[in-house]
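Working through the structure, step by step
Spelled out, the chains give:
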Amino acid sequence: MDTLFFWLLAAFAVMGSIGVIFQRNPMYSVVLLIVSFCALSGLYVLLGAPFVAAIQIIIYAGAIMVLFLFVVMLLNVGHEDALAGGMRAIGGAGPRRFGAVLSLVLLGELVWALSRLQGAPLAPRGGQAAASVGTIGLKLFRDYAFAFEATSVLILVAMVGAIVLARKERP
Amino acid sequence: MIARFFNTLAGWGVTAELVAHLLIIVVVFFILQGMAAVLVYMERKVAAFVQQRYGPYLVGPRGLMQPLADIVKLMFKEELRPKAADTVLFYVAPLLSATAAFAAFSVVPFGADTDFSWLVKYSGLSSVLSWFGVTFTGLAQPIHLAAADVDIGLLVIFAITSMGVYGIVLAGWSSNSKYSLLGGLRSSAQMISYELSYGLSFAAVIMLAGSLSLREIVDMQGGYWFHAIPKWFLFLQPVGFLIFLIAGVAETNRAPFDFPEAEQELVAGYHTEYSSLSFSLFFLAEYVNMVTVSAVATDLFLGGWHGPFPLPAGFEWIWFVVKVFALLFFYIWMRWTLPRYRYDQLMEFGWKYLLPVAVINLLVTAGVVVTMGW
C-alpha cells in the first residue's frame, strides 16, 4: 500500500516539476508547482513526518505560492514570450551555457549524495518521536538556535531591501 | 444466510470497526452536503426575520423545501463559459474550492469516543440483527468520532484552508473578466492578511492545551470549575475567541467582510462568470467553510462536546451540534445586521488592530503558561 502511494506521489511530484519547466503559461507553471509541493508533502507523511508535511503545505504551497500567483496575476503575463524583451539579458547564449554547467554540477552532487544513501533507513532516525513537534521545536531553539535566528535576520534583510528598492523617493 | 454473509466479510478482514469508520466518513460527507441546504434555508429565514419579511414559505410546509427547489433550479441552468476564459483552470477552480472545504472538515472531531451501543440499542438495529441470528450490541472498543483522527489536526486544517484560497484566486483569473480578477485579488489579499491573526489565535489555545490534536484539546476542556462553570477555553481565552470569530468571518468571505463578492462594486466578484453547477460548487464551499470554522471554534474554545451539564454516554455530540448551530446563527445574524466595511478599512483593521491584539494575546498567554506552569 505504502509503495503504491509512494510511486503515485513520486510520479505527481516529478511530472509536476517537469510541467513547471515546460509550461509556456506562467499561471500553469505556478499551479503545477503547487501540485508538486503537495505531492512532496504526501511523501513526508509516508516517511512518518506529518509535521514537516503540514508545514510544507502551509508555508510553500500555501503562503509562498499565493504570493507567486499574486505577482503573475498583477503583472498579467499571459505568455512567457511577452517577457522576452526584458528577459534577453538572462536568455542569451552565455548565461544559458553557464546555466547548463550549473545544472550538470547539481546533477553530479545529487547523484553523489543519493548514492551515499544506499541502504539508509527511510524513516526518521529515532522513529516517529524524532519527527514530533516537540522534538523539532527543541532542536530548532536549543541546538540550532543560532542558525535559526540568523535565518530570520536574513529574511528581515531581504524584506527591508525589497522595500528600499520599491520605495519611491518623496521630496 | 445473513449470518454467513457477515462471517464471510469477517474472513476477509472486514471488522465492525472498519465498517463503522467508513460509515462515519460517508455520514460526515453527506451531512456536510446537507448542511449547505439547511444553511440556505436558515439564512433566508433569519434574513427575513431581521428585515421583517416572511422569507420562503411557498414550497413545502413553512418553505422547508425551498433549498431543494433552489438546487433543482441551479442544476437545470445552462453551463456557461466565457469565450476568453482559460478552459482548464476555469473548471478546476470550483472543484478545488469545494474539495478543500470538505477536506478541512475531515480532521474535526465531533463527539466523544463511542462504541455505538446507544445507536444499536435505540434504533432497534440489534433486534433486527438478532432476528437474522447475529448478535451485535456495539463495537468491541470505542472509536473516535471523526473522519480522520490526526495528531496535528489543527495544522492540517490550517494547511487545507490555505489551499482553499487557490480556488477563488484561480476562478478570478481564469474567468478573464475584470470583476472576477478584482474579486480574486481582493480575496487572496484578505485571506493572507487575516490568516495571520487566525493562526495566532490558534497558537494561544495550542499553548494552553500543549497539543495540536483537536481531540486532546477538547478532552482538556472536560470538567467544571467550582462545579458550575465548564472548563472551556473561552473563559481562559476570551480575546483569542473574539479574534478567531472575526478572522473566521474574513476567512470565509462573509459579510461584513465579503469583499471578494461585493455586489455593488464587483457584480458578484470571483464567481461572476460562473453558472449552474460550477457556481453551486462555490456556494457549497462557502457554506461548508462556515460549518468548518464554527466546528473548529466549538472544539477550540467552546469545549467541543462537553456541555454545561453532561448528556448520557453516546449522545455527547448533541452538545457539539447545538454549539455549531449557535455559531452559525451568529454568522448569519452578523451578515444581515452589519454593513460591509470599506476595503481600506478592512486592511487597516486586519493589520493595525487585529494582528497586534493577537500578538499581545499570544505573548500574555505564553507568559502565564510559563510562569504559572499551566
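Residues numbered from 1 in each chain as written. Chains lettered and ligands numbered in written order. Predicted model: local features only at pLDDT ≥ 70, side-chain atom pairs only at ≥ 80, totals over all residues. Heavy atoms only, no water.

1. Re a negative patch on the surface
Residues and elements named next belong to chain B. A surface patch of like charges, here negative, comprises Asp113, Asp151, Glu216 and Asp219. In this fold, Asp219 is placed in helix 9 (residues 214-219). By relative accessible area, Asp219 is classed as partly exposed at 43%. (Patch = residues over 30% accessible without salt bridge, like charges linked within 9 Å, V, L, I, M, F, W, Y side chains within 5 Å. Areas by Shrake-Rupley, 256 points an atom, 1.4 Å probe, with all protein chains shown as cover. Salt bridge = Lys/Arg side-chain N within 4 Å of Asp/Glu carboxyl O. Lys, Arg positive; Asp, Glu negative; His and termini not counted. Charge placed at Lys NZ, Arg CZ, Asp CG, Glu CD. Helix = DSSP H or I, 4+ residues; strand = E, 2+ residues; numbered from the N terminus. Buried < 20%, exposed > 50% of the residue type's maximum accessible area, 1.4 Å probe, protein only.)

2. Some remarks on the packing of aromatic side chains
Residue and element names in this part refer to chain B. Applying the stated criterion across every chain, the model contains 20 aromatic pairs over all chains. Summarising the aromatic geometry, the rings of Phe29 and Phe102 are spaced 5.0 Å apart at their centres and angled 40° between planes, so their arrangement reads as tilted. Placement of Phe29 in helix 2 (residues 16-50) and of Phe102 in helix 4 (residues 87-105) is noted, with a sequence separation of 73 residues between them. The class of Phe102 is buried, set by a relative accessible area of 14%. Geometrically, the ring pair formed by Phe283 and Tyr287 is edge-to-face, given 5.3 Å between the ring centres and 75° between the ring planes. With Phe283 and Tyr287 both in helix 12 (residues 276-301) and four residues apart, this pair spans about one turn of that helix. Since its relative accessible area comes to 34%, Phe283 is described here as partly exposed. Residue Tyr287 is classed as buried on the basis of its relative accessible area, which comes to 5%. Taken together, the ring pairs connect Phe158, Tyr198, Phe202, Phe241, Phe244 and Phe301 into an aromatic cluster. (Phe/Tyr/Trp six-rings, centres within 6.5 Å; stacked < 30°, edge-to-face > 60°.)

3. Overview of helix 2 of chain B
In an α-helix, one turn spans 3.6 residues; hence positions three or four apart end up facing the same way. The terminal C-alpha atoms of helix 2 of chain B lie 48 Å apart, and with 35 residues this matches the ideal 51 Å at 1.5 Å per residue to within 8%. Looking one or two residues past helix 2 of chain B, B:Gln52 carries a phi angle of roughly 55°, positive in sign. (Expected span 1.5 Å × (residues − 1).)

4. Notes on the confidence of the model for chain A
Here chain A averages 79 in pLDDT, while 80% of its residues score no lower than 70. For chain A, helix 4 (residues 84-91) of chain A is the element with the lowest average pLDDT, namely 53, and helix 7 (residues 145-166) of chain A is the one with the highest, namely 90. (pLDDT = per-residue confidence, 0-100.)

5. Comments concerning the domain arrangement of chain A
Each assigned domain of chain A is listed with its residue range as follows: domain 1 (1-81) and domain 2 (132-171). Taken over C-alpha atoms, the centre of domain 1 of chain A sits 23 Å from the centre of domain 2 of chain A. (Domains from an automatic or database assignment.)

6. Side note on the side chain of A:Gln56
Relative to the helices and strands, A:Gln56 is located in helix 3 (residues 50-75). Contacts of A:Gln56, omitting those with residues within four sequence positions, involve A:Phe37, A:Leu40, A:Ser41, A:Tyr44 and A:Ala61. (Contact = heavy atoms within 4.5 Å.)

7. Re the environment of B:Leu64
All names here are of chain B. Mapped onto the elements of the fold, Leu64 is located in the loop between helix 2 and helix 3 (66-75). In this structure Leu64 comes out as partly exposed when scored by relative accessible area, which is 47%. Along the primary structure Leu64 and Trp118 are separated by 54 residues, whereas in three dimensions their C-alpha atoms are 30 Å apart. In this structure, Leu64 is in contact with Tyr41 and Val59, ignoring residues within four places of it in sequence.

8. Notes on the nonpolar core
In terms of nonpolar packing, the biggest core is built from 113 residues, with A:Met27, B:Phe244 and B:Leu300 touching the most fellow members. Element by element, the count of residues in this core is highest for helix 7 (residues 153-174) of chain B, at 15 residues. Residues within four places of A:Met27 in sequence aside, it is in contact with A:Leu69, A:Val72, A:Met73, B:Leu89, B:Leu170 and B:Trp173. (Core = buried A, V, L, I, M, F, W, Y, C linked by side-chain atoms within 4.5 Å.)

9. Considerations on unusual backbone geometry
We note that B:Gln52 has phi near 55°; this positive angle belongs to a residue other than glycine. Position of B:Gln52 relative to the elements: it lies in the loop between helix 2 and helix 3.

10. Some details on the environment of B:Ala366
All names here are of chain B. Residue position: Ala366 is located in helix 14 (residues 343-372). Residue class for Ala366 comes out partly exposed when judged on its relative accessible area of 21%. Each C-alpha atom, one on Ala366 and one on Glu195, is 20 Å from the other, the two residues being 171 residues apart in sequence.

11. Some words on a nonpolar patch on the surface
All names here are of chain A. A grouping of Met1, Leu4, Phe5, Phe6, Trp7, Leu8, Phe12, Val35 and Leu46 is seen on the molecular surface, where their side chains present a nonpolar patch of about 940 Å² in accessible area. Ranked by residue count, the leading element in the nonpolar patch is helix 1 (residues 2-22), at six residues. Topologically, Leu4 is positioned in helix 1. We classify Leu4 as exposed; its relative accessible area is 56%.

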